[in-house]
Amino acid sequence: LLRSSQPLTGPNRRRCREDEKLLGTILDEGERGFIIDTRSAQAAKQARMSGGGTEPKSSYPQWRRLHRALDRGRPLQESFVKLAEACGEPSLSMDRWLSRLDGSRWLGHVKAALSTACLAAQCLDREDSSVLVHGAEGTDTTLLVTALAQLILDPSCRTLEGFQALLEREWIEAGHPFHLRCARSASSHARGKQEAPLFLLFLDCVWQLSRQFPLSLEFGEQLLLTLFDNAYASAFGTFLCNSEKERSLCKVKESTHSLWAWLNQPEERQKYLNPLYSHNPLVIWPSVEPQSIQLWQGLFLRWIRPSQHLDEAWVEIQRLVEGN
């Protein structure tokens, strides 16, 4: 499973023979691979206008290109804002509420992300093929797809330590610009051009997986909520800056504490574990049917719907499991 930040063409639509050689060495004779392009039609058009474009089929005869557009940037941010506004009005009638929820298109983004991740996972698992995922910059939808595909395929990524390593590798070290994307919350009146809740979308997709496979993830919802909170406002340095280069220049690791070190303390770690967890060595294929994708109430309704009873039920589950 590979990721790329740019279409495999050079300036002025010239062929990039270095890329062709690199991808050619990945596949043996007779093997085939898949290139999953997550750019929107508009982004692809802009790339063509600036001299980029798409991979010429003749230059990559063993690779098949699949286009699966995923929204990023302003469309995704506006979707988040509309959903947050709807969730902030508890007096809405049921019909009005469902209309606002549908109008936000947030669940559509969740479905699209999971569907594309499943496509990448199927190419790897069922076709036994190599997969290259790329987007406009390689730091947003590309990471979303590669991280979710690994969760679907690899049981080690579903453990608490494995999930932390996945986030460190696929989001932090890979250069997701947390400072730009998570500069403000959805309720802020200011609007940054670079804002987009890609990491939140990823966490929502992980929550969907945990709901559909309640025994297969070692961690629970509380970890996902904690990660969301720390991505937007944190006492730790884990999600600071926009890249490893910036973190190095700002000496983040030397001057701040790590969120992972805090979470892995024995007294803290216990709060985030799933008491129903049972190691599942199999691939977990999520359903993306409309009835299977649900609103993450634990996050989006957390401030208007008390979670006391859910918290008490969680504690009782832990007590019963430990008692047995």
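Every chain is numbered on its own, with residues counted from 1 as its sequence reads. Given that the model is predicted, a residue must reach a pLDDT of at least 70 before its local features are reported, and side-chain atom pairs must reach 80 or more before they are shown or counted; all residues, however, enter totals for whole chains, interfaces and linings. Side-chain calculation: all heavy atoms of the structure are included, whereas hydrogens and water are not.

The protein chain is annotated in an unreviewed UniProt entry as MTMR9 protein of Cnemophilus loriae.

> What's the story with the side chain of N280 in this structure? I'm lost.
Secondary structure elements follow DSSP: runs of H or I of four or more residues count as helices, runs of E of two or more count as strands, with numbering from the N terminus. Within the secondary structure, N280 is located in the loop between helix 14 (266–272) and helix 15 (297–300). Remark: exposure states derive from per-residue accessible area (1.4 Å probe, protein chains only) relative to the maximum for the residue type, with buried under 20%, exposed over 50%, and partly exposed in between. A relative accessible area of 18% places N280 in the buried class. At a separation of 3.0 Å, a polar atom in the side chain of N280 contacts the main-chain amide nitrogen of L282. Beyond its immediate stretch of four places on either side in the chain, N280 contacts P155, R158 and S216. Whenever two N or O atoms come within 3.5 Å, that pair is a polar contact, provided that in protein one can donate a hydrogen and the other can accept it, and provided that, for residues adjacent in sequence, both atoms are side-chain atoms. Throughout, a residue-residue contact means that at least one pair of heavy atoms, one from each residue, lies within 4.5 Å.

> Is there a simple way to think about the packing of aromatic side chains in this case?
Aromatic ring pairs are described here by two measures, namely the spacing of the ring centres and the angle between the planes. Classification of ring pairs uses Phe, Tyr and Trp, with its six-membered ring standing for Trp, and accepts pairs whose centres are within 6.5 Å; under 30 degrees between planes counts as stacked, over 60 as edge-to-face, and the remaining range as tilted. Across all of its chains, the model carries 14 aromatic pairs by this definition. Seen in terms of ring centroids, F178 and F199 are 5.2 Å apart; in terms of plane orientation they differ by 80°. Their pairing is edge-to-face. Of this pair, F178 sits in helix 8 (residues 178–181) while F199 sits in helix 9 (residues 198–212), placing them 21 residues apart in sequence. On the numbers, 6.1 Å between centres and 15° between planes, the contact of W207 with W296 is stacked. Pair noted here: W207 is in helix 9 and W296 is in the loop between helix 14 and helix 15, with a separation of 89 residues, a long-range link. Looking at W207, the relative accessible area reads 11%, which means it is buried. Our definition puts a charge over a ring when NZ of Lys or CZ of Arg is within 6 Å of the ring centre and also within 35 degrees of the ring normal. Here the basic side chain of R126 rests over the ring of W285, its NZ or CZ set 4.5 Å away from the ring centre.

> Mind showing me how you'd approach the confidence of the model for the protein chain here?
Regions with low pLDDT carry predicted coordinates that are not meant to be interpreted in detail. On a scale of 0 to 100, pLDDT captures the predictor's confidence in every residue. On average, residues of the protein chain carry a pLDDT of 88, and 89% of them reach 70 or more. Helix 2 (residues 41–49) is the least confidently modelled element of the protein chain, averaging 69 in pLDDT, while helix 9 averages 98, the highest of any element.

> Could you clarify how one ought to interpret the environment of H67 in this entry?
Looking at where H67 falls in the secondary structure, it is placed in strand 3 (residues 63–67). Residue classification places H67 among the partly exposed positions, given a relative accessible area of 34%. Remark: the alpha-carbon pair of H67 and T116, spanning 49 residues in sequence, is separated by 9.6 Å. Within polar-contact distance, the side chain of H67 engages the backbone oxygen of R39 at 2.7 Å.

> Would you explain a nonpolar patch on the surface in this entry?
On the surface, a nonpolar cluster with roughly 220 Å² of combined accessible area is contributed by L215, L276 and V321. Tracing the sequence through the fold places L215 in the loop between helix 9 and helix 10 (221–232). Taking the relative accessible area as the measure of exposure, L215 reaches 43% and is therefore partly exposed. Nonpolar side chains (Val, Leu, Ile, Met, Phe, Trp, Tyr) are joined into patches within 5 Å and like charges within 9 Å, using only residues with over 30% relative accessible area and no salt bridge. Methods summary: accessible areas were calculated by the Shrake-Rupley approach with a probe of 1.4 Å, and residue burial reflects only the protein chains presented. Just to be clear on terms, a salt bridge is a Lys or Arg side-chain nitrogen sitting within 4 Å of an Asp or Glu carboxyl oxygen.

> Help me understand helix 10, please; the structure alone is not making it clear to me.
Side chains three or four residues apart in an α-helix point the same way, a direct result of the helix having 3.6 residues per turn. Every helix has an expected span of 1.5 Å times one less than the residues it contains. Here helix 10 is 12 residues long and its end C-alpha atoms lie 17 Å apart, about the 16 Å a rise of 1.5 Å per residue gives. Along helix 10, the residues classified as buried are L223, L224, L225, T226, L227, F228, N230 and A231. As for helix 10, its buried residues are in contact with helix 7 (160–172), helix 9, helix 13 (259–263), helix 14 and helix 15.

> Would you explain helix 3 (residues 74–87) in this entry?
The end-to-end C-alpha distance of helix 3, which contains 14 residues, comes to 20 Å, matching closely the 20 Å that a straight helix rising 1.5 Å per residue would cover. Listed as buried for helix 3 are L76, Q77, S79, F80, V81, L83, A86 and C87. Residues of helix 3 that are buried make contact with helix 4 (94–104), helix 5 (106–125), helix 9, helix 10 and helix 15.

> Looking at this structure, how should I read the packing of helix 3 against helix 4?
Two quantities define a packed helix pair, namely the angle between the axes and the distance from one axis to the other. Contact pair helix 3 / helix 4: the axes reach a minimum separation of 8 Å and the direction vectors enclose 165°. Relative to helix 4, the element helix 3 lies roughly antiparallel. In terms of crossing hand, the pair formed by helix 3 and helix 4 is left-handed. Across from S79, K82, L83, E85, A86 and C87 in helix 3, the residues of helix 4 making contact are W97, R100, L101, G103 and S104. Following the grouping adopted for this structure description, the nonpolar residues are Ala, Val, Leu, Ile, Met, Phe, Trp, Tyr, Cys and Pro, the charged ones are Asp, Glu, Lys and Arg, and the polar ones are all others, Gly among them. In the contact of helix 3 with helix 4, the residues fall into 5 nonpolar, 3 polar and 3 charged. Interaxial angles span 0 to 180 degrees and are taken between N-to-C directions of axes, which are lines fitted to C-alpha atoms, for helices over the stretch in contact. Reported orientations rely on four angle classes, namely roughly parallel under 35 degrees, roughly antiparallel over 145, roughly perpendicular from 65 to 115, and oblique for the rest. Each helix crossing is assigned a hand: it is left-handed if the near helix lies turned anticlockwise from the far helix by less than a right angle, otherwise right-handed if that turn is clockwise.

> I tried to follow the sheet that holds strand 3 on my own but got confused; where do I start?
Picture the strands of a sheet paired through backbone hydrogen bonds; they go either parallel or antiparallel. Within the open sheet, the 4 strands sit side by side as 1-4-2-3. Their pairing is parallel. Of all strands in the sheet, those with a lone pairing partner are strand 1 (2–4) and strand 3, marking the two edges. Each neighbouring strand pair of the sheet contributes to a mean axis angle of 25°, computed without reference to strand direction. We treat two strands as partners when DSSP finds at least two bridges between them. Pairing between strand 1 and strand 4 (residues 130–134): 3 bridges, direction parallel. When the sheet's bridge partners are listed, R3 is paired in strand 4 with V133. The strands touched by helix 6 (residues 141–153) within the sheet are strand 1 and strand 4, with strand 1 carrying the most contacts at an inclination of about 175°.

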